[in-house]
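# Overview (structure and organization)
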Amino acid sequence: MTFETLLVEIEEGIATITLNRPDVLNALNSQVFNELAEAAENLSVDDSVRAVIITGGDKIFAAGADIKEMVLLGAVDVATGLRPSKIAFERLENMPKPVIAAINGYALGGGCELTLAADVRIAADNAQFGLPEIKLGILPGGGGTQRLPRLIGAGKAKELIFSGDLINAEEALRVGLVNKVVPPDQVLAEARKMAEKFVSRGAVALSLAKTCINEGQRMDLEIGLEYEHKCFSLLFATEDQKEGMKAFVEKRKPNFQGK
Ligand code: DAK
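One structure accompanies this document, and this report is about it.

Rules used in this analysis
All residue numbers refer to position in the chain's written sequence, counted from 1. In keeping with the predicted nature of the model, local features appear solely for residues at pLDDT of at least 70, side-chain atom pairs appear and are counted solely at 80 or more, and the whole-chain, interface and lining totals rest on all residues. Where side-chain values are given, they derive from all heavy atoms of the structure, hydrogens and water being excluded. Categorising residues by exposure relies on relative accessible area from a 1.4 Å probe, with only protein chains included: less than 20% of the type maximum marks a residue as buried, more than 50% marks it as exposed, and the intermediate range marks it as partly exposed. Runs of E in the DSSP output that reach at least two residues are strands. Runs of H or I that reach at least four are helices, and both are numbered from the N terminus. In this description, the arc belongs to the directions extending from the helix axis to the C-beta atoms. Only heavy atoms matter for contacts: two residues are in contact if any of them lie within 4.5 Å across the pair. It suffices for a single heavy atom of a residue to lie within 4 Å of a molecule or strand for the residue to be listed as near it. Two N or O atoms form a polar contact when they lie within 3.5 Å of each other; inside protein one atom must be a possible hydrogen donor and the other a possible acceptor, and for residues adjacent in sequence the pair counts only when both atoms belong to side chains. With residues, only the protein chains shown are counted as cover, and all accessible areas are computed by Shrake-Rupley using a 1.4 Å probe. Throughout this entry, Asp, Glu, Lys and Arg are counted as charged residues, while Ala, Val, Leu, Ile, Met, Phe, Trp, Tyr, Cys and Pro are counted as nonpolar. The remaining residues, Gly among them, count as polar. Salt bridge, as applied in this entry: a Lys or Arg side-chain nitrogen positioned within 4 Å of an Asp or Glu carboxyl oxygen. Here, nonpolar core means buried Ala, Val, Leu, Ile, Met, Phe, Trp, Tyr and Cys residues that are tied together by side-chain atoms lying within 4.5 Å of each other. Under the convention used here, Asp and Glu are negative, Lys and Arg are positive, and both His and the chain ends fall outside the count. Two strands are said to pair when DSSP picks up at least two bridges between them. To obtain an axis, a line is fitted to C-alpha atoms, over the contacting stretch when the element is a helix, and the angle between two such axes runs from 0 to 180 degrees between their N-to-C directions.

### Brief notes about helix 7 (residues 154-163)
Of the residues making up helix 7, those classed as buried are K156, A157, L160 and I161. Seen along its axis, helix 7 keeps its buried residues to an arc of 125 degrees; they face one direction. Looking at helix 7, the residues exposed on the side facing more than 90 degrees away from the buried face are G155 and F162. Where the residues of helix 7 are buried, they touch helix 6 (144-152), strand 8 (166-168) and helix 8 (169-175). Immediately downstream of helix 7, the backbone of G164 shows phi near 75 degrees, a positive value.

As structure tokens, this is what we get:
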């Protein structure tokens, strides 16, 4: 998979997407969004890929959507031209495999929103998060007003969105915006360690659990519980369920095949 603004590497079932516009702090222009959407689609259907890590490298995650590109846009251009970002984020969010954001430095605006489309966020202790769009006279348009309150609650999300203030990694951990904080040089290794753990589990069960959680947020509790029950029942038709329970009874580690 070759792109101009992204590097994509696949190693032992784990794909790493690295945003690659270092001169502009990985500002996300329409080419990045288009390429991300394509990469997400490809990785989604590639059976050899069991987990995805998205990173901006060891200095910065991303300083947001490309303001120099947006400054020229009118309302109609935004309605059509920025659509790929929505598609890219939704493809990552709904990918039937785990997506982990590995974050060094700034994750601002669309960069922060990109991390919100991941399942899990691992941050460097030097990371900074924020949705500073309000300072540009706009609102977070890449899912920030929707995904952030669902993750950390409306009150804290409103404070961040209304003020445009940045928070550090420690505060991000405290409010539940990130899952784990580690030293900067360990972010990728930690993300990989977590990805390896996820990959060692039953892939069908993991993907259905992800679907239950994602879809469940669109449902009321009663329907969500029913949906969960259907997915749970379905897993009893898989080899992984047979293997997982048999391994427990036989006091050995399961050998899941993702079937
Ligand atoms: N866009 C374009 N270029 C950027 C950029 C950005 N977001 N951020 C940084 N750069 C460029 C700078 O212009 C500079 O380039 P040169 O001028 O040297 O050519 C280079 O990167 C280095 O930046 P600085 O010189 O500013 O570096 P500093 O270390 O001094 O400051 C900073 C780092 C991150 C604090 C600062 O660069 C900054 O405040 N950047 C802007 C952060 C920001 O406001 N981000 C939010 C952007 S709005 C949507 C989807 C998504 C979005 C909207 C709609 N739809 C689906 C509709 C998202 C919107 C946004 O993200």
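### Examining the site of the ligand
Surrounding the ligand, one finds 23 residues, the nearest of these being A63, A65, K68, S85 and G110. A65 has a polar backbone atom sitting 2.7 Å from an oxygen atom of the ligand. Contacts to the ligand include K68, whose side-chain N or O atom sits 2.9 Å from an oxygen atom. Protein chains shield 65% of the accessible area of the ligand, which is 1100 Å² for the free molecule. Considered class by class, the residues forming the shell around the ligand number 12 nonpolar, 6 polar and 5 charged.

### A few points about the pattern of salt bridges
Inspection of the entire model under this criterion finds 17 salt bridges. Across the pair K59 and D58 runs a salt bridge whose closest N-O atoms are separated by 3.7 Å. Residue class for D58 comes out exposed when judged on its relative accessible area of 57%. One connected set of salt bridges, linked through shared partners, spans K156, E159, E171 and R174.

### A closer look at the nonpolar core
The tendency in soluble globular proteins is for nonpolar side chains to be buried side by side. In this structure, I17, L36, F129, L148 and L177 are the most contacted members of the largest nonpolar core, which totals 48 residues. Here the element with the most residues in this core is helix 1 (residues 30-45); it accounts for 7 residues. The contact partners of L177, leaving out residues within four places of it in the chain, are L116, R121, F129, L148, L151, I152, I167 and A172. In this structure, V120, V182, A195 and V199 belong to the second largest nonpolar core, which totals 14 residues.

### Some points on the environment of N126
Tracing the sequence through the fold places N126 in the loop between strand 6 (120-124) and strand 7 (128-130). Considered as a pair, N126 and P183 are 57 residues apart in the sequence and their alpha carbons are 7.8 Å apart. Setting aside anything within four residues of it in sequence, one finds N126 in contact with N104, G105 and P184. At a separation of 3.2 Å, a polar atom in the side chain of N126 contacts the main-chain amide nitrogen of G105.

### A few points about the side chain of K97
The topology assignment puts K97 in the loop between helix 4 (83-94) and strand 4 (99-103). The charged side chain of K97 is buried without a salt bridge, its nearest counter-charge being D47 at 5.3 Å. When near neighbours in sequence (up to four residues on either side) are disregarded, K97 contacts L43, S44, D46, V49, R50, A51, D119 and K210.

### Side note on the sheet that holds strand 6
If you walk across this open sheet you meet the 6 strands as 1-2-3-4-6-9, and the pairing is mixed. In this open sheet, the two edge strands, each paired with only one partner strand, are strand 1 (6-11) and strand 9 (180-182). Looking at each pair of strands side by side, their axes are set apart by 20 degrees on average, direction ignored. Bridge count for strand 1 against strand 2 (residues 14-19) is 6 bridges, and the pairing is antiparallel. Bridging across to strand 2, E11 finds its partner in I14.

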